[in-house]
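# Structural overview for review
Here is how the chains run, residue by residue.
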Amino acid sequence: MRRTKEDAEQTRKAILASAMDIFYEKGYSKTTFDEIAKRINLTKGAVYWYFRNKPDIVAALINDFAAQYLVGIREFMEQHSPVSFENIIEMLLFNNKKIREDALFYKFLFFVSCQMEWSDAIINKIQPAIEQTKKATRSLFLDVLSELQKNKKIRPDVDIDMICEIIMTMYGGMQEAYFTKRLTNDFDDLVKTGLTLIFNNIKTEG
């Protein structure tokens, strides 16, 4: 019997879920295709049918989770209009809440932050997935900041590209510190304080 596209997609998702669990438990280098296959009662050859190697699996995970993240964030911002500085803060707090409450999202971010051995060879293989995710996330922040600047909430002399980079780098660093349990303050409080300090320095008078 020929497999349908729906069957193939379900198998692909099962492989990614299995890989995600083992990556989370053991780390990237210790995970094998045999283990990924056995956990969901497939042969190693079946896994190879969908993914040529482990970097391909990581790239697929990055693309899938990034897509889910961006959909959630865009929906949040659409429900919280007009755009404001407070909404940007709430947007990242919404993401913090998802990290705490969504086990799969937590596992993925923990894996890429703490369990992934980011060698140059691996980064080069999955660079397209990384760039796509970064570009989409950056575009979302730039859209929001551009609207604030257009509405004269941000000073015209402010380089919003640089502010976008600062926010993304700052939040990424806080996120990694959260997963590695290096934060000495509450995660939400750090996000609110950090963004407030940035926004107070770029907003127009009043």
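The structure reproduced in this document is the subject of the present report. (Residues numbered from 1 in each chain as written. Predicted model: local features only at pLDDT ≥ 70, side-chain atom pairs only at ≥ 80, totals over all residues. Heavy atoms only, no water.)

## Digging into the pattern of salt bridges
Applicable threshold: A pair is scored as a salt bridge if a Lys or Arg side-chain nitrogen falls within 4 Å of a carboxyl oxygen belonging to Asp or Glu. Under the scheme used here, helices are H or I runs from DSSP no shorter than 4 residues and strands are E runs no shorter than 2 residues, and both carry numbers assigned from the N terminus. Three labels apply to residues, based on accessible area from a 1.4 Å probe with only protein chains included: buried if under 20% of the type maximum, exposed if over 50%, partly exposed otherwise in between.
One pass over the structure, following the stated rule, counts 13 salt bridges. Asp-161 serves as the salt-bridge partner of Arg-138, at 3.8 Å between the closest nitrogen and oxygen. Of this pair, Arg-138 sits in helix α7 (residues 120-150) while Asp-161 sits in helix α8 (residues 160-179), placing them 23 residues apart in sequence. Take Asp-161: its relative accessible area is 38%, and that puts it in the partly exposed class. Here Lys-192 ties to Asp-189 by a salt bridge, and the two come within 3.7 Å at their closest N and O atoms. Taken together, the residues Lys-192 and Asp-189, both in helix α9 (residues 187-202) and three residues apart, mark about one turn of the helix. Accessibility expressed as a relative area gives 35% for Lys-192, which makes it partly exposed. Three or more residues joined by partner-sharing salt bridges are found here, namely Glu-9, Arg-12 and Asp-64.

## With respect to unusual backbone geometry
Along the chain, Ser-81 connects to Pro-82 via a cis peptide bond; the corresponding omega equals 0 degrees. When you line up the elements, Pro-82 lands in the loop between α4 (54-79) and α5 (85-101). Its identity is not glycine, yet Asn-41 carries a phi of approximately 60 degrees, on the positive side. Its place among the elements puts Asn-41 in the loop between α2 (33-39) and α3 (44-50). On the basis of relative accessibility, which here comes to 72%, the residue Asn-41 falls in the exposed class. In this structure, Lys-181 takes a positive phi of about 60 degrees despite not being glycine. Looking at the secondary structure, you find Lys-181 in the loop between α8 and α9. A relative accessible area of 70% places Lys-181 in the exposed class.

## Some remarks on the side chain of Asn-95
Test applied: Definition of a polar contact: a pair of N or O atoms within 3.5 Å, with one able to donate and the other able to accept a hydrogen when the atoms are protein atoms, and with sequence-neighbouring residues admitted only if both atoms are side-chain atoms.
With respect to the helices and strands, the residue Asn-95 is situated in helix α5. Only 2.9 Å separates the side chain of Asn-95 from the side chain of Tyr-171, close enough to count as a polar contact.

## Topic: the nonpolar core
Basically, it comes down to this: Joining through side-chain atoms within 4.5 Å is the link that ties buried Ala, Val, Leu, Ile, Met, Phe, Trp, Tyr and Cys residues into a set, and such a set is a nonpolar core. By the convention used here, residues are in contact when the closest approach between their heavy atoms is within 4.5 Å.
Counting 64 residues, the largest nonpolar core has Phe-23, Ile-57, Ile-88, Leu-195 and Phe-199 as its most contacted members. Put simply, the parts of the chain that give this core at least two residues each are α1 (5-26), α2, α4, α5, α6 (103-115), α7, α8 and α9. Ranked by residues supplied to this core, first place goes to α4 with 12 residues. Excluding anything up to four places from it in sequence, Ile-57 contacts Leu-16, Ala-19, Phe-23, Phe-33, Ile-36 and Phe-51.

## Some words on the packing of aromatic side chains
What counts is decided by this rule: The rule is short: rings of Phe, Tyr and Trp, with Trp giving its six-membered ring, pair when the centres are within 6.5 Å, and they are stacked under 30 degrees, edge-to-face over 60, tilted in between. Both a distance and an angle decide whether a charge sits over a ring: NZ of Lys or CZ of Arg must be within 6 Å of the ring centre and within 35 degrees of the ring normal.
Applying the stated criterion across every chain yields a total of 14 aromatic pairs. Centroid distance Phe-110 to Phe-179: 6.4 Å. Interplanar angle 75 degrees. Geometry classified as edge-to-face. You can see Phe-110 sitting in helix α6 and its partner Phe-179 sitting in helix α8, a full 69 residues away along the chain. In this structure Phe-179 comes out as buried when scored by relative accessible area, which is 3%. The ring of Tyr-28 has Lys-54 sitting right over it, with the charged end atom 4.5 Å from the ring centre.

## Some details on α5
Residue pairs three or four apart in sequence face the same way in an α-helix, which turns once every 3.6 residues. The criterion, for reference: Multiplying 1.5 Å by the helix residue count minus one yields the expected span of that helix.
Here α5 contains 17 residues, and its C-alpha end-to-end distance of 25 Å stays within 8% of the 24 Å for a straight helix at 1.5 Å per residue. Buried residues of α5: Phe-85, Asn-87, Ile-88, Ile-89, Met-91, Leu-92, Leu-93, Asn-95, Asn-96 and Ile-99, and no others. On its buried face, α5 is in contact with α4, α6, α7, α8 and α9.

## Details of α7
Threshold: At any given residue, the bend is defined as the angle formed between two axes, one fitted to the seven residues that end at that position and one fitted to the seven that begin there.
Maximal helix bending in α7 amounts to about 65 degrees, located at Ile-126; proline Pro-128 follows within four positions. Every buried residue of α7 is accounted for by Ile-122, Ile-126, Ala-129, Thr-137, Leu-140, Phe-141, Leu-142, Val-144, Leu-145 and Leu-148. Two residues or fewer after α7 comes Lys-152, characterised by a positive phi angle close to 65 degrees.

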